[in-house]
Amino acid sequence: MHLLLLGATGLVGSHVLNLALADPRVSTVTAPTRRPLPERPSLSAPIVDFDDLPEDPSIWSADAVICALGTTLKTAGSRERFRQVDHYYPLEIARLAKAHGARAFVLNSAKGADVKSLFFYSRVKGETERDILQLGFDRAVLVRPGLIDGPRQEPRPMEQWAGRVLSMLNPILPSSLKANPPEAIARAMLDAAVSAAPGVTIVPSQDLL
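Residues numbered from 1 in each chain as written. Predicted model: local features only at pLDDT ≥ 70, side-chain atom pairs only at ≥ 80, totals over all residues. Heavy atoms only, no water.

Q: I'd like a description of the pattern of salt bridges, backed by residues and values.
A: For the structure on display, the rule yields 11 salt bridges. For R187, the salt bridge identified is with D23, shortest N-O distance 3.9 Å. Taken together, the positions of R187 in helix 7 (residues 182-195) and D23 in the loop between helix 1 (11-21) and strand 2 (28-30) put the pair 164 residues apart, joining distant regions of the chain. Note on R187: relative accessible area 33%, which makes it partly exposed. D131 serves as the salt-bridge partner of R130, at 2.8 Å between the closest nitrogen and oxygen. (Salt bridge = Lys/Arg side-chain N within 4 Å of Asp/Glu carboxyl O. Helix = DSSP H or I, 4+ residues; strand = E, 2+ residues; numbered from the N terminus. Buried < 20%, exposed > 50% of the residue type's maximum accessible area, 1.4 Å probe, protein only.)

Given below as structure tokens:
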């Protein structure tokens, strides 16, 4: 299959990229990014401005889409910018991909995503899920990790502290409260893009260990 990958330079997305390029089920990967990626066989990595997405069919035509875009309120700098990255970008890309023939969309969302949540982060995640589902993909998969345990390019002190605490408590924690390794999230997303059942599938954090 031809896979469209968003967020290929991030923690989870970079793992998806490595897995996809090594997977015989995937023929080619298109990974539009803000900055160049190293050249690799079967990879097309066009540079795009996510605030002004091009209409070029060569970018958006794919069999399936994996979206691992995301930021934090601190990194974004404002609620408006956070919503731009975590809601507007995925939704606009989903629309473009659907218009150019994509039949499957896999979204890296978050545990607790809910349009009625009192927490802004969870509410935006829920709104993104809702709006992408309304586009009517043949196969839509919502992957909902909890805390993602892994090194990031930008510092996230609170997540790092929480990750250390959860690591110490790991032997006694229920699976629903354990941190999720980025490799496990990436593997689940890739498998879902290739073989998820028709309709809507939700992958909870306890299935991402």
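Q: I'd love a proper account of the sheet that holds strand 1 (residues 2-6), names of residues and values included.
A: Sheet strands line up and pair through hydrogen bonds in the backbone, either parallel or antiparallel. Read across the open sheet, the 7 strands follow the order 3-2-1-4-5-6-7; overall the sheet is parallel. If you trace the sheet from one side to the other, it starts and ends with strand 3 (43-44) and strand 7 (199-203), each paired once. Note: strand 4 (residues 64-67) against strand 5 (residues 104-108), 4 bridges, orientation parallel. Bridging across to strand 5, I66 finds its partner in V106. Running at roughly 165 degrees to strand 1, helix 1 makes contact with strand 1, strand 2, strand 3, strand 4 and strand 5 of the sheet. (Pairing = 2+ DSSP bridges. Contact = heavy atoms within 4.5 Å. Axes fitted to C-alpha atoms, helices over the stretch in contact; angles between N-to-C directions.)

Q: A description of the nonpolar core should follow, citing residues and the corresponding values.
A: With 31 residues, the main nonpolar core has L3, L5, V29, I66, V106 and V143 as its most contacted residues. Of all the secondary-structure elements, those providing two or more residues to this core are strand 1, helix 1, strand 4, strand 5, strand 6 (139-143) and helix 7. Broken down by element, the residue count for this core peaks at 7 residues, all from helix 7. Counting residues in each nonpolar core, the second largest holds 24 residues, with L6, A62, V65 and L107 among its members. (Core = buried A, V, L, I, M, F, W, Y, C linked by side-chain atoms within 4.5 Å.)

Q: Which residues make up unusual backbone geometry, and what values do they have?
A: Negative phi is the rule for most residues except glycine; trans is the rule for most peptide bonds. Of note in the backbone geometry, S42 takes a positive phi value of approximately 70 degrees without being a glycine. Here S42 is to be found in the loop between strand 2 and strand 3. Looking at S42, the relative accessible area reads 42%, which means it is partly exposed.

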